[in-house]
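# Understanding the architecture of this molecule
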Amino acid sequence: MFFYLAIIILNICRLSASKELLDLGWGFDNRTIFWPGQTPLYFTKEETVYLKGFSYSFKEFCVAEHGGTHFDAPYHFHQSGWKVGDVPLSRLFAKGAFLNMEEEHLKMGRDTRLKVKDLENWETRNGKFSENSVLLVKFGRSKFWQNRTLYLDLEGETMHFPGLSKEAAQWIANSKKIIGVGVDTPSIDPGNSTDYIAHRILAENSLYNLENVKLLTDLPETGFDLVVAPMKIEEGTGAAVRIFAIVNN
Ligand SMILES: [Zn+2]
């Protein structure tokens, strides 16, 4: 008996020593950043019922699909694309790929674009992207999350945060390996985009997006798995999402 117990404990220790779990989502509260004009999360009902010896509480809420850390279904920018409830489960368990663009963003400024060259350089360092990969691009914007003006980098009505170039979006779609793209900004298109071309290209190719991903630390460029768990709003164009990275040390 003791022997079996020792084996079980040893295995648990081994698992926790070799895997690191990371939560890549921001919490939803009254400071959560939403796209301008969208409804932030608020409770429409809050009740506590007191009964003999116990009580229970419940709330109801209202929230826009595209705010906080969220998932864009292809349907968001492609009328015959998958809605949130249609995205196959196999696409929600993915291989992680990480690309750090923070230095580039510091060098190139507020309207930095991810370029094809950045993706090619990633492949030079790591080999081809794996099947069923989700590419997380860190521009270094998560550190501004607590300040909406800084995070959106507003200039009047226009936002200025980095994003994907049209060519990079097309390269990603053509790879047929990458099934989703995540960014630490409110949109995969740059803040000053008006044609949302990266959204359109990825949606037409059945890729999903993860926006406002919490990327305060670096991940390895490869060698981690992702669990992407949007709220299953069957007809949704998007939904709040939990994203977990499982890093193999
Ligand atoms: Zn969105």
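So, here is what we can say about the structure in this document. Everything numeric here is computed off the predicted structure, so don't read it as measured data.

### Thoughts on the packing of helix α3 (residues 116-126) against helix α5 (residues 166-175)
One way to put it is that α3 packs onto α5 with a least axis distance of 8 Å and a crossing angle of 40°. When the interaxial angle is binned, α3 and α5 end up oblique. For the pair α3 and α5, contact is made by Val-116, Leu-119, Glu-120 and Glu-123 and by Glu-167, Ala-168, Trp-171 and Ile-172, respectively. A breakdown of the residues in the contact of α3 with α5 according to their chemical character gives five nonpolar, no polar and three charged.

### Observations concerning the coordination of the zinc ion
At this site the zinc ion is bound by His-66 (ND1), His-70 (NE2), Asp-72 (OD) and Glu-211 (OE), with donor distances of 2.0 to 2.4 Å. Metal-centred angles of 76 to 170° between the four donor atoms at the zinc ion mark the site as irregular. If you list the donors of the zinc ion from N- to C-terminus, the spacing comes out as H-x3-H-x1-D-x138-E. The burial state of His-66 is the same as that of His-70; both residues are buried.

### Description of the pattern of salt bridges
Pairing between side chains of opposite charge can happen when their charged atoms approach one another. Overall, the coordinates contain 16 salt bridges when judged by the stated rule. In this structure, Lys-143 engages Glu-102 in a salt bridge whose closest nitrogen and oxygen atoms are separated by 2.9 Å. Within this pair, whereas Lys-143 is found in the loop between β7 (133-138) and α4 (148-152), its partner Glu-102 is found in helix α2 (residues 102-108), the two being separated by 41 residues in sequence. Between Lys-117 and Glu-120 there is a salt bridge whose closest N-O contact spans 4.0 Å. Linking Lys-117 with Glu-120, this pair stays in helix α3, spanning three residues, or about one helical turn.

### Some details on the packing of aromatic side chains
The description of two aromatic rings rests on the distance between their centres and on the angle between their planes. A full pass over the atoms with the stated rule returns eight aromatic pairs. Both rings, one in Trp-26 and one in Trp-145, keep their centres 4.9 Å apart while their planes meet at 5°; by these two values the pair is stacked. One end of the pair, Trp-26, is in the loop between β1 (19-23) and β2 (42-51); the other, Trp-145, is in the loop between β7 and α4, with 119 residues separating them in the sequence. Assessed through its relative accessible area of 12%, Trp-26 is described here as buried. We classify Trp-145 as buried; its relative accessible area is 5%. Taken together through their ring pairs, the aromatic side chains of Trp-26, Trp-145 and Tyr-151 make up a single cluster. Lys-59 extends its terminal NZ or CZ atom over the ring of Phe-43, reaching a point 4.4 Å from the ring centre. One residue, Lys-83, lies across the ring of Tyr-75, its end atom 4.9 Å from the ring centre.

### Overview of the side chain of Asp-184
For Asp-184, the position within the fold is in the loop between β9 (178-183) and α6 (197-204). One buried charged residue, Asp-184, forms no salt bridge at all, with the nearest opposite charge on Lys-138 at 6.5 Å. Separated by 2.8 Å, the side chain of Asp-184 and the backbone nitrogen of Gly-140 make a polar contact. At 3.0 Å, the side chain of Asp-184 and the backbone nitrogen of Arg-141 are in polar contact. If we skip the residues at most four places from it in the chain, Asp-184 touches Val-137, Lys-138, Phe-139, Gly-140, Arg-141, Ser-142, Tyr-151, Val-213 and Leu-215.

Conventions and cut-offs
Residues numbered from 1 in each chain as written. Predicted model: local features only at pLDDT ≥ 70, side-chain atom pairs only at ≥ 80, totals over all residues. Heavy atoms only, no water. Axes fitted to C-alpha atoms, helices over the stretch in contact; angles between N-to-C directions. Helix = DSSP H or I, 4+ residues; strand = E, 2+ residues; numbered from the N terminus. Parallel < 35°, antiparallel > 145°, perpendicular 65-115°, else oblique. Contact = heavy atoms within 4.5 Å. Nonpolar A, V, L, I, M, F, W, Y, C, P; charged D, E, K, R; others polar. Donors = N, O, S within 2.8 Å, 3.2 Å for Na, K, Ca; no water. Tetrahedral: all angles 85-135°; square planar, octahedral: opposite > 155°, others 65-115°. Buried < 20%, exposed > 50% of the residue type's maximum accessible area, 1.4 Å probe, protein only. Salt bridge = Lys/Arg side-chain N within 4 Å of Asp/Glu carboxyl O. Phe/Tyr/Trp six-rings, centres within 6.5 Å; stacked < 30°, edge-to-face > 60°. Lys NZ or Arg CZ within 6 Å of the ring centre and 35° of its normal. Lys, Arg positive; Asp, Glu negative; His and termini not counted. Polar contact = N/O pair within 3.5 Å; in protein donor to acceptor, adjacent residues only side chain to side chain.

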